[in-house]
Structure formats: C-alpha cells, structure tokens
Amino acid sequence: MTLSSTLLLSADAAGIAEAVALLRAGERVALPTETVYGLGADARNGAAVAGIYAAKGRPSFNPLIVHVAHPTDAARYVEWSDMAARLAAAFWPGPLTLVLPLRDGHGIASLVTAGLDTLAIRCPAHPVAQALLEAFDGPVAAPSANPSGKISPTTANHVLQGLEGRVAAVLEGGAAEIGLESTIVGLADTPTLLRHGSITREMLEAALGTPLTEATTPAAITAPGQLASHYAPDAVLRLNVTDPAGDEALLGFGPVENAALNLSPAGDLREAAANLFAMLRALDAQTSKIAVSPIPARGIGLAINDRLSRAAAPR
C-alpha cells in the first residue's frame, strides 16, 4: 500500500488533469473542500475504495461520503425526495451531506456504504473540488484525508504529515475555509441530524419546515463521523477548562489569559471552527496535555463541542 512518493499538485489545469488521470487509474488523490481535505477515489471502483480504507486504517464498518459536482448528479445514485430537493436548493453546493436510500443500478462500490442500503452524498462548494469533480465526471468517495481517528486535515501539508507515501497525490487548495466536516442529515426515514456541522439544526429546520430528530452517536453506525472516539490528538485532552494545570497547554476561546493558542480571542465561533483542527495539531506537536476553554453550545459551537468530545473520549 505504501507508494514511493506522494505528488503535491497545483490547482491549475495541469494539476487537475493529473489528479483526474490518477483517479481514473484507481489511485487515491487528496482534494480540498470547504470543510476539510478529503481522500478521494472513484466510488464505483471497489479496489480503489479499499485503498482508502487501507491508507487511513479506517474500519470497514464506517461508511464514506460520496462527492458529486452538481446537485442533479445525486439522483443518479440515490432515491431523491422532496425534502432532499429542499435542502439541496438551500445548501448545495456546500457543507451538507444527505443520507438517502440507494437507487437501483447505482453502480457505487459496496465498500462505500459499509453494507448499508443508504448512501451519504454531498456537493462541495470549494472551487478546486468543483473543478476536479467536473473534469472527472463521476462520483468520488472521500472521507477526511488523515489516519483514521486522528485530527482532520485542513491544509495540504496536514495531509502529507499523516499520509505521505500512502496516497498518490494531494491537490493543493489552500486552508479549508470552514475547518469542520459537513453536517449530515438522514432522509431515509424520519429527517434526522446525524452529525453536527456549520449548517446548524436551526438552519436545516427552517429550510425543511419541520423539526429534526437527532442521532449523532447511535448504537450502530449509520453515517460517517459517529464513532465515539474520533478527531483525536496524541495528547490527553481536557475540556471546559477555566483553570488549566501547570503542565497543560491551554487552547483558549475568548478573552482568556495565558493561552498557548486561542481559537478566537474575540469569541467568534466560526473563526474558532476554522482554527480548531490546525491549532489542535500545533499543540499536539508541542505537549502531551491540552486543556480547552469552554465553547458555547450554540450554533456552530455545537459542532465544535461534538468534535472536541470525540477527540477527548477514551481510546
């Protein structure tokens, strides 16, 4: 599985053409999205998808998200619905994943769905991802481009730190704007929030005109990002800390003193989300114990707290 080297491709026409050629050859290519960098492979190619699981060390019971260039492409692979159409009209392209029943003749490799009869699918907004998907003209399975369970990558360099030599190429696209994985909504049955993200429950319910149930940590995995331990640094993580111990590096939020790094001195939750994974990585390289200031549990703060609680969970 180890490759001799990993190419770093520029996000120009030549780089995108090379990335497309690698995907068509069954290779794995990391690509930027507005959420985090994804580890992409042709979702119709079982061997290529198996390579994603092998490169990440990802358990095969954890399904993958498929990325498509246009909202209309999704109906090739899933049973579309009025609710799906409403959410797609409001939030696609963008950081929202929908889980819908597979349609007959979908052609998606069974490893993508981890044996489920549903598919997680989204249409990313990042211009480099859009250009790649448009040129590839097919579905790309792409979980976060990092070793399984570790901190998600928000830059090309983060991808190389974790997967150098295990992927064919990384397509450079700058730092991820949002910095947290997509919100996931299940529409196979009752509309259900399956993972918190930058598109909040309130935004989703306003677009749907109906309440959502919530199942972000179910007994059985139904969507990506639901493992109890996930997004974890090597350092021990302690949350909701107002008085850090002397051997802890403080990851601050708001006007706190003596923070090693601060997610947002101004208390801006979107700024904090964009900085979360990069700052966790930076502190993880410096210390064995990280304390994190309290983060308000509102709006995108719910998604930040979700990632932090999984990062701090017993491993």
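From a predicted model like this one, the values you see are computed outputs, not experimental measurements.

Caption draft 1: Up close: the nonpolar core. Ranked by internal contacts, the top residues of the largest apolar core, which has 46 residues, are Leu87, Leu96, Leu98, Val112, Leu119, Val185 and Leu204. Elements with a contribution of two residues or more to this core: strand S3 (38-42), helix H2 (46-56), helix H3 (82-91), strand S5 (96-101), strand S6 (118-122), helix H6 (156-163) and helix H7 (201-208). It is H2 that contributes the most residues to this core, five residues altogether. Other than its neighbours up to four places away in sequence, leucine 96 contacts Leu87, Phe91, Ile121, Arg122, Ser182, Thr183, Val185, Ile199 and Leu204.

Caption draft 2: Main features of the packing of aromatic side chains. Within the structure shown, the criterion is met by two aromatic pairs. Ring geometry for tyrosine 231 against phenylalanine 277: centres 5.8 Å apart, planes inclined by 25°, an arrangement best described as stacked. Of this pair, tyrosine 231 sits in the loop between strand S11 (213-214) and strand S12 (236-238) while phenylalanine 277 sits in helix H8 (residues 269-284), and the two are 46 residues apart along the sequence. Residue tyrosine 231 shares its accessibility class with phenylalanine 277, and that shared class is buried.

Caption draft 3: Focus on the sheet that holds S3. Taken together, 11 strands build an open sheet; the order of strands is S1-S8-S2-S3-S7-S4-S6-S5-S9-S10-S11 and the sheet is mixed. Strands at the two margins of the open sheet, each flanked by one partner only, are strand S1 (7-9) and S11. Strand direction decides the pairing type here: S5 and S6, joined by five bridges, are antiparallel. Following the sheet pairing, proline 101 is matched in S6 by threonine 118. With respect to the sheet, H2 is in contact with S3 and strand S7 (140-141), its orientation differing from that of S3 by roughly 155°. Packing of H3 onto the sheet brings it into contact with S5 and strand S9 (183-186), and relative to S5 it is tilted by some 165°.

Parameters at a glance
- Residues numbered from 1 in each chain as written.
- Predicted model: local features only at pLDDT ≥ 70, side-chain atom pairs only at ≥ 80, totals over all residues.
- Heavy atoms only, no water.
- Core = buried A, V, L, I, M, F, W, Y, C linked by side-chain atoms within 4.5 Å.
- Buried < 20%, exposed > 50% of the residue type's maximum accessible area, 1.4 Å probe, protein only.
- Helix = DSSP H or I, 4+ residues; strand = E, 2+ residues; numbered from the N terminus.
- Contact = heavy atoms within 4.5 Å.
- Phe/Tyr/Trp six-rings, centres within 6.5 Å; stacked < 30°, edge-to-face > 60°.
- Pairing = 2+ DSSP bridges.
- Axes fitted to C-alpha atoms, helices over the stretch in contact; angles between N-to-C directions.

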